[in-house]
Amino acid sequence: MRKPKVYLDTSVISHLDATDTPEKMNDTLLFWEELKTGRYHVIISSVTLTEIARCGEPKQTKLLRMLNDIDCNFIEENDESLILADNYLEYGVLKSKSMDDLRHISIASIANCNYIASWNFKHFVNVKTIAKVQSANKLYGYNEIIIVPPTMLMEGNDDE
């Protein structure tokens with residue numbers, strides 16, 4: 001059986017070192033341990049790396065080091081993803097001030113990801129955005145993609 005593809009938006013990686021939100025940081029660290037098992041085919045993009053590069057030190061170095069702890073594939077932004085991001089904007093998925101978020105979604109869609117993991121409830125993980133992405137992907141010929149917080153991708157422990 002094929003492993004599900006998960007695109008990691010920058011908010012997930014950033015929460016590996018987010019002492020201001022300890023509960024999300026803890027959940028992200030647990031999710032990271034699960035990613036280390038190889039259960040998912042993990043995708044990150046050039047957009048993600050550009051956003052990580054904006055982090056101050058020592059956080060930037062720590063996040064990049066932790067990325068090396070998981071097996072992930074790197075996807076470069078390209079003309080097709082930029083066109084799809086513009087199509088999402090035109091379709092009203094998000095507003096122009098959220099263009100980087102649209103770029104993440106378009107790269108994940110083009111990479112045929114099953115999921116986008118994100119802690120960004122304002123722009124990504126909400127019913128309005130999810131519904132519009134599903135509708136736009138159908139219109140533009142891309143597969144459905146499910147946008148969820150990392151905790152929804154973690155396997156529960158039946159022994160607890």
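Being a predicted model, the structure only gives us computed values, none of them experimental.

1. As for the packing of aromatic side chains
So, step 1. This structure, assessed with the given rule, holds two aromatic pairs.
So, step 2. Taking the centre distance of 6.4 Å and the plane angle of 75 degrees together, the rings of Tyr 91 and Tyr 140 count as edge-to-face. In this pair, Tyr 91 is assigned in helix α5 (residues 79-91) and Tyr 140 in helix α7 (residues 127-140), connecting sequence segments 49 residues apart.

2. Re the side chain of His 123
So, step 1. Within the secondary structure, His 123 sits in the loop between β4 (115-117) and α7.
So, step 2. Residue classification places His 123 among the buried positions, given a relative accessible area of 18%.
So, step 3. One polar contact links His 123 to Asp 101, side chain to side chain, over a distance of 3.1 Å.
So, step 4. Other than its neighbours up to four places away in sequence, His 123 contacts Leu 94, Ser 98, Asp 101 and Thr 129.

3. Remarks on unusual backbone geometry
So, step 1. Cis rather than trans, the peptide bond between Glu 57 and Pro 58 has omega equal to 5 degrees.
So, step 2. Structurally, Pro 58 is set in the loop between α3 (46-53) and α4 (59-67).
So, step 3. Look at Asn 112: it is not a glycine, yet its phi comes out positive at around 60 degrees.
So, step 4. Looking at the element boundaries, Asn 112 is found in the loop between α6 (99-110) and β4.
So, step 5. By relative accessible area, which is 34% here, Asn 112 ends up partly exposed.

4. Some remarks on the environment of Met 152
So, step 1. If you trace the backbone, Met 152 turns up in the segment after β5 (146-148).
So, step 2. For Met 152, a relative accessible area of 60% gives the class exposed.
So, step 3. For the pair Met 152 and Thr 129, spaced 23 residues apart in the sequence, the C-alpha separation amounts to 17 Å.

What counts as what
- Residues numbered from 1 in each chain as written.
- Predicted model: local features only at pLDDT ≥ 70, side-chain atom pairs only at ≥ 80, totals over all residues.
- Heavy atoms only, no water.
- Phe/Tyr/Trp six-rings, centres within 6.5 Å; stacked < 30°, edge-to-face > 60°.
- Helix = DSSP H or I, 4+ residues; strand = E, 2+ residues; numbered from the N terminus.
- Buried < 20%, exposed > 50% of the residue type's maximum accessible area, 1.4 Å probe, protein only.
- Polar contact = N/O pair within 3.5 Å; in protein donor to acceptor, adjacent residues only side chain to side chain.
- Contact = heavy atoms within 4.5 Å.

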